[in-house]
Amino acid sequence: RFHHTSTSHLCSCSKTISDEKYQDPFQLGRKDLKNLYEDIKKELLVSAAELKEMCDYYFDGKGKAFRPMIVVLMARACNIHHNNSKEVHASQRSVAIIAEMIHTASLVHDDVIDDANSRRGKRTLNQIWGERKAVLAGDFILSAASVALARIGNTTIISVLTQVIEDLVRGEFLQLGSKENENERFAHYLEKTFKKTASLIANSCKAVSILGCPDPKVHEIAYQYGKNVGIAFQLIDDVLDFTSCANRLGKPTAADLKLGLATGPVLFACRQFPEMNAMIMRRFSKPGDVERARKYVLQSDGVQQTTYLAQRYCHAATREIRKLRPSPEREALVHLTEMVLMRDK
């Protein structure tokens, strides 16, 4: 149902705010994210020098802080919607810090599971310190995030954000399995995508909305925005695995195929090349499978269809966030959906 006949729809999102004041999300969120990584390092206070070095490795301040930025913008948008407050509460900023810590811990663990050797353009923790120490470092970052979460002192927020950790584990288990039935396979892929990527953004947005506004309708808007943006973000990530060069991506391309994973472009391509079914079921394990599957994907409309699907999720996110009172932060969150679609790394 996601087939389209024209590529002219591809950039239709970019017109959504052309007649409104342009808001750069990163500029707007910067003031609330000042000293973000220094504050994270304070949460990771540890006496063991090697563990400290490992924890500091990814919190080097060179990341874009995409997730914390969404969280602080959502906090401001919800606060303005509720009582025109232009301040971010300390507890809301803490959620942004916790979100980045949970995300980074999940990357450390993912790299161990995938035996990855590069991340964000540099060697992974498991490559430098070994798998066992990398697992422990990921555990330590998660435990520090849990302490910071408890300090907020709100049981609802604790419940919302611990759901993220459960979803990350369940998502990883989903990724280790596969489905024979084609329709089940796509539902399985989208559920895995939600749990591994979108749940963190959705529940972090929900958490700051709860801290800033008592209206359950606003909590649902924040959650749905985060969920839709998160799924779109991962869909584009899966597209870039086929279309971007390794240097731009900061990690090897066709990495998902090498791990035996059938992502959106592969599942769409399978409709045009049914012979891919056997490869999907054996997780591209035979010699030549990865190269053949990549060729089939690029010959099919798999990349285009996955991009269209990401567009649909971005449109849904925009529809949700527009239910809030107008504010620069709301417009920045609208613009963010366009940035997700247009990114090339």
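Calculation criteria
- Per chain, residues are indexed from 1 in the order of the written sequence.
- Predicted model: local features are reported for residues with pLDDT of at least 70 only, side-chain atom pairs are reported and counted for 80 or more only, and whole-chain, interface and lining totals are derived from all residues.
- Hydrogens and water are ignored here; the side-chain numbers use all heavy atoms of the structure.
- Secondary structure follows DSSP: runs of H or I at least 4 residues long count as helices, runs of E at least 2 residues long count as strands, and numbering of each begins at the N terminus.
- In a helix, the anticipated span is given by 1.5 Å times the number of residues less one.
- Burial classification: accessible surface area is computed with a 1.4 Å probe over protein chains only, and a residue below 20% of its type maximum counts as buried, one above 50% as exposed, and the rest as partly exposed.
- Here, the term disulfide refers to a pair of cysteine sulfur atoms separated by no more than 2.5 Å.
- Think of each axis as a best-fit line through the C-alpha atoms, taken over the contacting stretch in the case of a helix, with angles from 0 to 180 degrees between the N-to-C directions.
- Throughout, a crossing is termed right-handed when the near helix is turned clockwise from the far one, and left-handed when it is turned anticlockwise from it by less than a right angle.
- All amino acids are sorted into three groups, where Ala, Val, Leu, Ile, Met, Phe, Trp, Tyr, Cys and Pro are nonpolar, Asp, Glu, Lys and Arg are charged, and the leftover types, Gly among them, are polar.
- For each structure, a 1 Å grid was placed over the protein atoms alone; sets of points admitting a 1.4 Å probe that cannot get out are labelled cavities, open sets with protein on both sides within 12 Å along at least five of seven lines are labelled pockets, and lining residues have an atom within 4 Å of a point.
- Grid points are joined across faces, edges and corners, and a volume is the space filled by probe spheres set on the points.
- Pairs of residues are marked as contacts when any of their non-hydrogen atoms sit within 4.5 Å.
- Salt bridge, as applied in this entry: a Lys or Arg side-chain nitrogen positioned within 4 Å of an Asp or Glu carboxyl oxygen.
- Along the chain, pLDDT gives the predictor's confidence residue by residue, from 0 to 100.
- Each polar contact in these results corresponds to two N or O atoms within 3.5 Å; when the atoms are within protein, one needs to be able to donate a hydrogen and the other to accept it, and residues that are neighboring in sequence are counted only if both atoms are side-chain atoms.

### With respect to helix H16 (residues 302-321)
- Its 20 residues place the ends of H16 29 Å apart at the C-alpha level, agreeing with the 28 Å of an ideal helix rising 1.5 Å per residue.
- Most of H16 is tucked away: 16 of the 20 residues are buried.

### Brief notes about the state of the cysteines
- Here the structure, examined in full by the defined rule, presents zero disulfides.
- The structure places no disulfide on cysteine 213, whose sulfur is separated from the nearest cysteine sulfur, that of cysteine 78, by 6.5 Å.
- Using a relative accessible area of 4% as the deciding quantity, one classes cysteine 213 as buried.

### Thoughts on the packing of helix H9 (residues 182-212) against helix H10 (residues 216-243)
- One way to put it is that H9 packs onto H10 with a least axis distance of 7 Å and a crossing angle of 145°. In this structure, H9 crosses over H10, and the sense of that crossing is right-handed.
- Grouping the constituent residues of the contact of H9 with H10 by class yields 13 nonpolar, eight polar and three charged.

### Some thoughts on empty space enclosed by the protein
- A full pass over the atoms with the stated rule returns one cavity of 30 Å³ or more.
- Its volume calculated, the largest cavity comes out at about 170 Å³.
- Residue lining of the largest cavity: 15 residues in total, with Gln175, Gly177, Ser178, His188 and Ala262 positioned closest to the centre.
- Those elements that provide at least two residues to the lining of the largest cavity are helix H8 (155-176) and H9.
- Split by residue class, the lining of the largest cavity holds six nonpolar, five polar and four charged.

### Details of the packing of helix H4 (residues 66-83) against helix H17 (residues 328-342)
- Contact pair H4 / H17: the axes reach a minimum separation of 8 Å and the direction vectors enclose 150°. Taken as a pair, H4 and H17 cross one another with a handedness that is left-handed. Of the residues in H17, those touching H4 at Phe66, Met69, Ile70, Leu73, Met74, Arg76, Ala77 and Ile80 are Glu329, Arg330, Ala332, Leu333, Leu336 and Val340.
- Considered class by class, the residues forming the contact of H4 with H17 number 11 nonpolar, no polar and three charged.

### Brief notes about the environment of leucine 51
- You can see leucine 51 is positioned in helix H3 (residues 49-58).
- Look at leucine 51 and you get partly exposed, because its relative accessible area is 21%.
- When near neighbours in sequence (up to four residues on either side) are disregarded, leucine 51 contacts Val46, Ala137 and Phe140.

### Structural notes on the pattern of salt bridges
- Following the criterion strictly, the structure yields 18 salt bridges and no others.
- A salt bridge links arginine 151 to glutamate 43; its shortest N-O distance comes to 3.1 Å. Note that arginine 151 is positioned in helix H7 (residues 131-152) and glutamate 43 in helix H2 (residues 36-43), a separation of 108 residues in sequence.
- A relative accessible area of 54% means that arginine 151 is categorised as exposed.
- Overall, glutamate 43 belongs to the partly exposed group, its relative accessible area being 22%.
- Note that lysine 52 and aspartate 56 form a salt bridge whose closest N and O atoms lie 2.7 Å from each other. In this pair, lysine 52 and aspartate 56 both sit in helix H3, four residues apart, roughly one turn of the helix.
- Lysine 52 sits in the partly exposed class, given a relative accessible area of 39%.

### Description of the confidence of the model for the chain
- Across the chain, the average pLDDT comes to 90, with 92% of residues at or above 70.
- When mean pLDDT is compared element by element in the chain, H16 scores highest at 98, while helix H11 (residues 246-249) scores lowest at 59.
- Every residue in residues 1-20 scores below 50 in pLDDT, and together they form 41 contacts with partners more than four places removed in sequence or on other chains.

### Here we look at unusual backbone geometry
- One non-glycine residue with positive phi stands out, namely asparagine 84, at about 60°.
- The topology assignment puts asparagine 84 in the loop between H4 and helix H5 (90-114).
- Residues other than glycine seldom take positive phi values, yet aspartate 115 does so here, at roughly 55°.
- Tracing the backbone through its elements, the reader meets aspartate 115 in the loop between H5 and strand S1 (118-119).

### Quick notes on the side chain of glutamine 92
- Secondary-structure assignment places glutamine 92 in helix H5.
- Within the structure, glutamine 92 has its side chain in polar contact with the backbone nitrogen of histidine 89 (distance 2.9 Å).
- Apart from residues lying up to four places away in sequence, glutamine 92 is in contact with Val71, Ala75, Asn79, Glu87, Val208, Leu211 and Gly212.

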